[in-house]
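# An overview of the molecular structure
Spelled out from the first residue to the last, the chains are:
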Amino acid sequence: CLEYVHNIEGSSDIDILVVDVVDSAAEPDSALELPPAEFVTSQFLTAAKSKLTSDGWIVLNVLANREKLGDITRLFLELFTSVYVCATDPNYVFFLSNSNVCEKEDISETDIYKLAVEFEYDQDLCHSVLEDIRITKEHVDDERLLGWFKHDL
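Now for a look at the structure at hand.

Rules and cut-offs
- Residues numbered from 1 in each chain as written.
- Predicted model: local features only at pLDDT ≥ 70, side-chain atom pairs only at ≥ 80, totals over all residues.
- Heavy atoms only, no water.
- Helix = DSSP H or I, 4+ residues; strand = E, 2+ residues; numbered from the N terminus.
- Buried < 20%, exposed > 50% of the residue type's maximum accessible area, 1.4 Å probe, protein only.
- Pairing = 2+ DSSP bridges.

## Concerning the environment of Ile14
Secondary-structure assignment places Ile14 in strand β1 (residues 14-19). In this structure Ile14 comes out as buried when scored by relative accessible area, which is 10%. For the pair Ile14 and Trp57, spaced 43 residues apart in sequence, the C-alpha separation works out to 8.3 Å.

## Quick look at unusual backbone geometry
The residue after Leu34, namely Pro35, is reached through a cis peptide bond having omega 0 degrees. If you trace the backbone, Pro35 turns up in the loop between β2 (32-34) and α2 (42-50).

## Considering the pairing of strand β3 (residues 52-64)
Consecutive residues of a regular strand have side chains that alternate between opposite faces of the sheet. Most of β3 sits inside the fold, with 11 of its 13 residues counted as buried. Direction of pairing for β1 relative to β3: parallel, over a ladder of five bridges. Bridge pairing in β3 places Ile14 opposite Leu52. In this structure, β3 lies alongside strand β5 (residues 92-97), joined through six bridges in antiparallel fashion. Within β5, the position partnered with Val59 by the bridge is Phe95.

Here you go:
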(Lines give C-alpha, C1' and ligand atoms only; values in the text may rest on other atoms or scores of the structure.)
Protein backbone atom coordinates (compact mmCIF):
# COMPACT_ATOMS: atom_id res chain seq x y z
CA CYS A 1 0.00 0.00 0.00
CA LEU A 2 2.88 2.38 0.79
CA GLU A 3 4.50 1.75 -2.57
CA TYR A 4 1.15 1.89 -4.34
CA VAL A 5 0.38 5.38 -3.02
CA HIS A 6 3.86 6.71 -3.77
CA ASN A 7 3.98 5.18 -7.27
CA ILE A 8 0.62 6.37 -8.59
CA GLU A 9 1.20 8.66 -11.55
CA GLY A 10 -0.50 12.05 -11.37
CA SER A 11 -2.94 13.05 -8.69
CA SER A 12 -6.62 13.26 -7.87
CA ASP A 13 -7.50 9.83 -9.23
CA ILE A 14 -8.68 7.89 -6.17
CA ASP A 15 -12.23 8.11 -4.79
CA ILE A 16 -11.55 5.94 -1.76
CA LEU A 17 -8.39 4.44 -0.31
CA VAL A 18 -8.90 1.77 2.34
CA VAL A 19 -5.97 1.08 4.66
CA ASP A 20 -6.56 -2.09 6.67
CA VAL A 21 -3.05 -3.40 7.19
CA VAL A 22 -1.75 -5.71 9.90
CA ASP A 23 1.88 -5.84 10.97
CA SER A 24 2.57 -9.48 11.82
CA ALA A 25 5.56 -8.36 13.90
CA ALA A 26 3.47 -6.01 16.07
CA GLU A 27 3.46 -6.89 19.74
CA PRO A 28 0.04 -7.37 21.34
CA ASP A 29 -0.80 -4.48 23.68
CA SER A 30 1.75 -2.18 22.02
CA ALA A 31 0.78 1.49 21.67
CA LEU A 32 -0.09 0.95 17.98
CA GLU A 33 -1.02 -2.56 16.90
CA LEU A 34 -2.35 -1.64 13.48
CA PRO A 35 -1.73 -0.27 10.99
CA PRO A 36 2.05 -0.23 10.92
CA ALA A 37 3.36 3.17 12.03
CA GLU A 38 4.35 4.18 8.48
CA PHE A 39 0.64 4.52 7.62
CA VAL A 40 -0.07 7.16 10.27
CA THR A 41 2.69 9.62 9.38
CA SER A 42 2.34 13.05 7.81
CA GLN A 43 4.44 11.85 4.88
CA PHE A 44 2.17 8.92 3.96
CA LEU A 45 -1.09 10.73 4.67
CA THR A 46 -0.04 13.81 2.67
CA ALA A 47 0.97 11.61 -0.28
CA ALA A 48 -2.28 9.63 -0.04
CA LYS A 49 -4.35 12.82 0.26
CA SER A 50 -2.73 14.22 -2.88
CA LYS A 51 -3.99 11.20 -4.83
CA LEU A 52 -7.64 11.65 -3.80
CA THR A 53 -10.35 13.23 -5.91
CA SER A 54 -11.80 16.46 -4.49
CA ASP A 55 -14.44 14.48 -2.60
CA GLY A 56 -12.31 11.38 -2.00
CA TRP A 57 -11.86 9.55 1.30
CA ILE A 58 -9.19 7.61 3.14
CA VAL A 59 -10.60 4.88 5.39
CA LEU A 60 -8.08 3.74 7.96
CA ASN A 61 -8.50 0.93 10.49
CA VAL A 62 -6.62 1.65 13.73
CA LEU A 63 -6.00 -0.44 16.83
CA ALA A 64 -4.08 1.56 19.42
CA ASN A 65 -4.07 2.55 23.07
CA ARG A 66 -5.89 5.71 24.17
CA GLU A 67 -2.80 7.95 24.17
CA LYS A 68 -1.74 6.87 20.68
CA LEU A 69 -5.34 7.29 19.41
CA GLY A 70 -5.22 10.89 20.65
CA ASP A 71 -1.94 11.52 18.83
CA ILE A 72 -3.25 9.95 15.62
CA THR A 73 -6.53 11.90 15.81
CA ARG A 74 -4.65 15.18 16.26
CA LEU A 75 -2.55 14.39 13.18
CA PHE A 76 -5.68 13.60 11.16
CA LEU A 77 -7.25 16.89 12.27
CA GLU A 78 -4.15 18.79 11.14
CA LEU A 79 -4.25 17.22 7.68
CA PHE A 80 -7.95 16.77 6.82
CA THR A 81 -11.07 18.94 6.76
CA SER A 82 -13.41 16.09 7.71
CA VAL A 83 -12.48 13.47 10.29
CA TYR A 84 -15.05 10.87 11.30
CA VAL A 85 -14.50 7.71 13.31
CA CYS A 86 -16.59 4.63 13.86
CA ALA A 87 -15.41 3.24 17.17
CA THR A 88 -16.02 -0.47 17.59
CA ASP A 89 -14.38 -2.55 20.24
CA PRO A 90 -11.34 -2.62 19.93
CA ASN A 91 -10.86 -1.03 16.49
CA TYR A 92 -11.37 2.58 15.41
CA VAL A 93 -12.15 3.09 11.73
CA PHE A 94 -11.31 6.64 10.63
CA PHE A 95 -12.86 8.32 7.60
CA LEU A 96 -10.69 11.20 6.37
CA SER A 97 -11.48 13.71 3.63
CA ASN A 98 -10.81 17.27 2.53
CA SER A 99 -14.42 17.80 1.55
CA ASN A 100 -17.58 18.38 3.53
CA VAL A 101 -19.59 15.89 1.49
CA CYS A 102 -20.77 14.11 4.62
CA GLU A 103 -22.84 16.80 6.28
CA LYS A 104 -25.11 14.34 8.05
CA GLU A 105 -23.67 13.48 11.45
CA ASP A 106 -26.21 10.84 12.45
CA ILE A 107 -25.71 8.04 9.94
CA SER A 108 -28.32 5.32 10.27
CA GLU A 109 -28.00 1.61 9.57
CA THR A 110 -30.38 2.13 6.65
CA ASP A 111 -28.08 4.83 5.19
CA ILE A 112 -25.11 2.47 5.40
CA TYR A 113 -27.08 -0.40 3.88
CA LYS A 114 -28.21 1.78 0.94
CA LEU A 115 -24.59 2.77 0.28
CA ALA A 116 -23.47 -0.87 0.46
CA VAL A 117 -26.13 -1.91 -2.06
CA GLU A 118 -25.27 1.04 -4.31
CA PHE A 119 -21.58 0.04 -4.34
CA GLU A 120 -22.49 -3.66 -4.76
CA TYR A 121 -20.72 -4.86 -1.64
CA ASP A 122 -20.96 -8.50 -0.67
CA GLN A 123 -24.35 -8.86 1.05
CA ASP A 124 -23.07 -11.24 3.75
CA LEU A 125 -20.31 -8.80 4.60
CA CYS A 126 -22.85 -5.99 4.53
CA HIS A 127 -25.02 -7.77 7.12
CA SER A 128 -21.95 -8.29 9.32
CA VAL A 129 -21.08 -4.60 9.09
CA LEU A 130 -24.68 -3.65 9.88
CA GLU A 131 -24.57 -5.85 12.98
CA ASP A 132 -21.41 -4.02 14.10
CA ILE A 133 -23.20 -0.72 13.51
CA ARG A 134 -26.24 -1.89 15.50
CA ILE A 135 -23.98 -2.87 18.40
CA THR A 136 -22.15 0.45 18.11
CA LYS A 137 -25.49 2.30 18.30
CA GLU A 138 -26.30 0.41 21.50
CA HIS A 139 -22.96 1.46 22.96
CA VAL A 140 -23.64 5.09 22.07
CA ASP A 141 -27.12 4.88 23.59
CA ASP A 142 -25.53 3.48 26.77
CA GLU A 143 -23.01 6.39 26.71
CA ARG A 144 -20.03 4.08 26.26
CA LEU A 145 -17.02 5.42 24.36
CA LEU A 146 -17.95 3.70 21.13
CA GLY A 147 -19.88 4.83 18.09
CA TRP A 148 -19.70 7.44 15.36
CA PHE A 149 -17.94 10.68 16.11
CA LYS A 150 -17.21 13.74 14.00
CA HIS A 151 -14.05 15.53 15.06
CA ASP A 152 -13.71 19.28 14.71
CA LEU A 153 -10.84 21.58 15.56
